[in-house]
Amino acid sequence: METRLYLPPKTPPRRGIRGSTLAPTSFVTPSKNATPSHHRLLRSSPVTTGGRLRLDGTPPRSSSKRPYWTQAPPNSAQSTTQNGDDDRFIPSRRYTNLSLVRKALLSGDKNQTKKRPHSEPEGPAPAVAAPENPLQKEFKRRMLSSLCNIPLEKLDEDAQLTGLLTFGDANTHVSNKRASSTSPPHKTPSQRPENPFSHDLLRSIKLGRVTDEDQTEDDAAAMDRTVQNKILRKVPSAPFRILDAPDIVDDYYLNLISWGKDNVLAVALAQSVYLWNAGNGDISNLVTLENENNQDYVTSVSWCTMQGHTKYIGVGTNNHAVMLYDASTMQKIRTLPGHHGRVSAMAWNQDWLTSGSRDSKILNHDIRSPHSIAARYSGHLQEVCGMKWNEDGSCLASGGNENYLCLWDAAMSGGTGSTGAARSARRQLTDTAPRLTLRKHRAAVKALDWCPFYRGLLASGGGTSDRTIKFWNTSSGALLNSVDTGSQVCSLIWNKNQRELCSSHGYSENQLILWKYPTMTRIKELQGHTARVLNMEMSPDGSSVVSAAADETLRFWNIFGSQSVFRKAGAAASGIPELTFGQPAIR
């Protein structure tokens, strides 16, 4: 009989680490910084099991399911953690849309067929869901875009995002083959990568708007659409009331309208000042200047803002005069002297009436004193065309035709609440220099407004050669942001209820723009004026604004979204006849 030698099938050789007395042997993952001697895998000597030795020097196959290779114990001499090595690789998820990833993980694939248990008898297969129609697909696409803050351009027709788990430019890595035909073209190396925070609205609002150098046109457009979707109110595109303003002076440097706390709008038309009551629509003529050759005309108006004295109004003229009127009696109280040029801007601070003139001087008039001039500010070189006190009356911002923005402290000139020694020194007036002079604008600075929710934040707008809105930290004078609007900035008004800013513009668009702060994305553009917008004022309740333009019209816009005194008029805006200030309309 022939004797055959049985050879079992070969198995992978079992390897061990020199000096190790543990069984089974260990396998250690190589590290980048470890030396080669730390990870050499050596063949172990023959192993005997049950007195039998396999011919290839390997142990017999075990019936246990225990794997051949196990992790090295922590106390092993070859452990890499003792040398401080770490072989973990954590990829950068800078461009990963985590909101969409989380949604995918939580939702799962609901279309997978569930496995039937062995005890369940076989039956008919479950019905397959009908394919989605185009309307359902579009609804799903828009819902995903709204929930995850994703622009619609980034989603294909099946609501699939390109580059879901890519670790680079989302436009150059396409993880979904179905979106390859609709994906945007590849960017060249000279183009900047996509802003990773373009979909994160909260981070954008917290950090402020990215600079123009780092933001592409697509990112800006996507952010505009995202912010518009976040606005929970409808901003009407058309004014709800239009009033005629014939003979309004077309001069950028003048301030010809003022809306008082008693809901009365004062409008300067050539030599006259008219008062329009927004509550009942009554119109009255406050004053008409009488002069030869029509050389004198009204150049500025301003209502008193102090509680209990809101019936007083200041009127500035081209003949250097500042007149104080009582609107309840329609009588002039007094004339405040001191200027040698036309008075183009005025602002109230408690009992002080501050006036700016073409003679480049700013005067503080104390209306309680026989000698009204309490302080004189000297820092501008040309006409002062814009002024605004902050909420607590401690700082005055003024803009001039020489492109300066000056900041003045009331305490430096013996402001309201000053001591008797300061008042006695008014007879010997000295020029007070500004605390800060900011020279970043490249045109006249007329548009000014203090932020109502950030103390010390000031917004300013420049003229035709500048066209920018700048934001300032008035404590340090630092420029926080600058936005190019593309048009002459005539007026600025902050929203009292939300973080929004409205600007009016002249050449060349003649529109109003509602901005979201601090991202400075455009929420709405309001068209209607056919000439540049000269001035803009806000209603006492903070819901509406009125714009006066060189097209001789006043337009009222319900732009800020709170309860408006013009709600009834807005419901029937199409049927309201245009009103005039007692003079024939020019059409």
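Residues numbered from 1 in each chain as written. Predicted model: local features only at pLDDT ≥ 70, side-chain atom pairs only at ≥ 80, totals over all residues. Heavy atoms only, no water.

## Details of the packing of aromatic side chains
Under the definition given, this model contains 12 aromatic pairs. Look at F240 and F556: their rings are 6.4 Å apart centre to centre, the planes differ by 45°, and that puts the pair in the tilted class. A residue pair is termed long-range when its members are at least 10 positions apart, and F240 in the loop between α4 (217-230) and β5 (241-244) and F556 in strand β33 (residues 553-557) qualify at 316 residues. Exposure remark for F240: the relative accessible area of 8% places this residue in the buried category. Residue F556 is classed as buried on the basis of its relative accessible area, which comes to 0%. In this structure an aromatic cluster arises from ring pairing among F453, Y454, F471, W494 and Y517. Across from the ring centre of Y404, 4.8 Å away, lies the NZ or CZ of R439, which sits over that ring. (Phe/Tyr/Trp six-rings, centres within 6.5 Å; stacked < 30°, edge-to-face > 60°. Helix = DSSP H or I, 4+ residues; strand = E, 2+ residues; numbered from the N terminus. Buried < 20%, exposed > 50% of the residue type's maximum accessible area, 1.4 Å probe, protein only. Lys NZ or Arg CZ within 6 Å of the ring centre and 35° of its normal.)

## A word on the sheet that holds strand β17 (residues 373-378)
Taken together, the 5 strands give an open sheet; going across it, the order is β14-β15-β16-β17-β21, and neighbouring strands pair in mixed fashion. The strands lining the two open edges of the sheet, one partner per strand, are β14 (343-349) and β21 (431-432). Where β14 lies against strand β15 (residues 352-357), 6 bridges are found, and the strand directions are antiparallel. Bridge pairing in β15 links N349 to W352. (Pairing = 2+ DSSP bridges.)

## Regarding a nonpolar patch on the surface
A grouping of F139, M143 and L147 is seen on the molecular surface, where their side chains present a nonpolar patch of about 350 Å² in accessible area. Residue position: L147 is located in helix α2 (residues 134-147). Owing to a relative accessible area of 64%, L147 belongs among the exposed residues under this scheme. (Patch = residues over 30% accessible without salt bridge, like charges linked within 9 Å, V, L, I, M, F, W, Y side chains within 5 Å. Areas by Shrake-Rupley, 256 points an atom, 1.4 Å probe, with all protein chains shown as cover. Salt bridge = Lys/Arg side-chain N within 4 Å of Asp/Glu carboxyl O.)

## As for the sheet that holds strand β9 (residues 283-288)
In space, the 4 strands of this open sheet follow the order β6-β7-β8-β9, with antiparallel pairing throughout. At either end of the open sheet lies a strand with only one pairing partner, and these are β6 (257-259) and β9. The average undirected angle you get between the axes of adjacent strands in this sheet is 20°. Sheet topology note: the strand β7 (residues 264-269)/strand β8 (residues 272-277) ladder contains 6 bridges and is antiparallel. Across the sheet, the residue bridging to L269 is S272, located in β8. (Axes fitted to C-alpha atoms, helices over the stretch in contact; angles between N-to-C directions.)

## A closer look at the pairing of strand β30 (residues 521-526)
Sheet topology places strand β29 (residues 512-516) next to β30; 5 bridges connect them, and they run antiparallel. Within β30, the residue paired with K516 across the bridge is T521. In sequence, β29 turns back onto β30 through a hairpin of 4 residues, with M520 there showing a positive phi of about 55°.

## Overview of the pattern of salt bridges
Inspection of the entire model under this criterion finds 15 salt bridges. K311 is the partner of D326 in a salt bridge, and the nearest nitrogen-oxygen pair spans 3.8 Å. With a gap of 15 residues between them, D326 in strand β12 (residues 322-326) and K311 in the loop between β10 (298-303) and β11 (312-317) connect regions that are remote in the sequence. By relative accessible area, D326 is classed as buried at 9%. The exposure class of K311 is partly exposed, given its relative accessible area of 33%. As a salt-bridge pair, R435 and D409 come within 2.9 Å of each other at their nearest N and O atoms. With R435 in the loop between β21 and β22 (436-438) and D409 in strand β20 (residues 405-409), the pair connects residues that are 26 residues apart, well separated along the chain. Among the residues examined, R435 registers a relative accessible area of 30% and is labelled partly exposed. Members of the salt-bridge network, linked through shared partners, are D251, R342, R358 and E383.

## Some points on the pairing of β10
Extensive coverage of β10 is indicated by the burial of 6 of its 6 residues. Where β10 meets β11, 5 bridges bridge the pair, whose relative direction is antiparallel. Considered in β11, the bridge of W303 is made with I313.

## Some remarks on the environment of W348
Considering the arrangement of structural elements, one finds W348 in strand β14. Given a relative accessible area of 7%, W348 falls into the buried group. Separated by 3.1 Å, the side chain of W348 and the backbone oxygen of S302 make a polar contact. Among the polar contacts listed, one links the side chain of W348 to the backbone oxygen of W303, at a separation of 3.4 Å. (Polar contact = N/O pair within 3.5 Å; in protein donor to acceptor, adjacent residues only side chain to side chain.)

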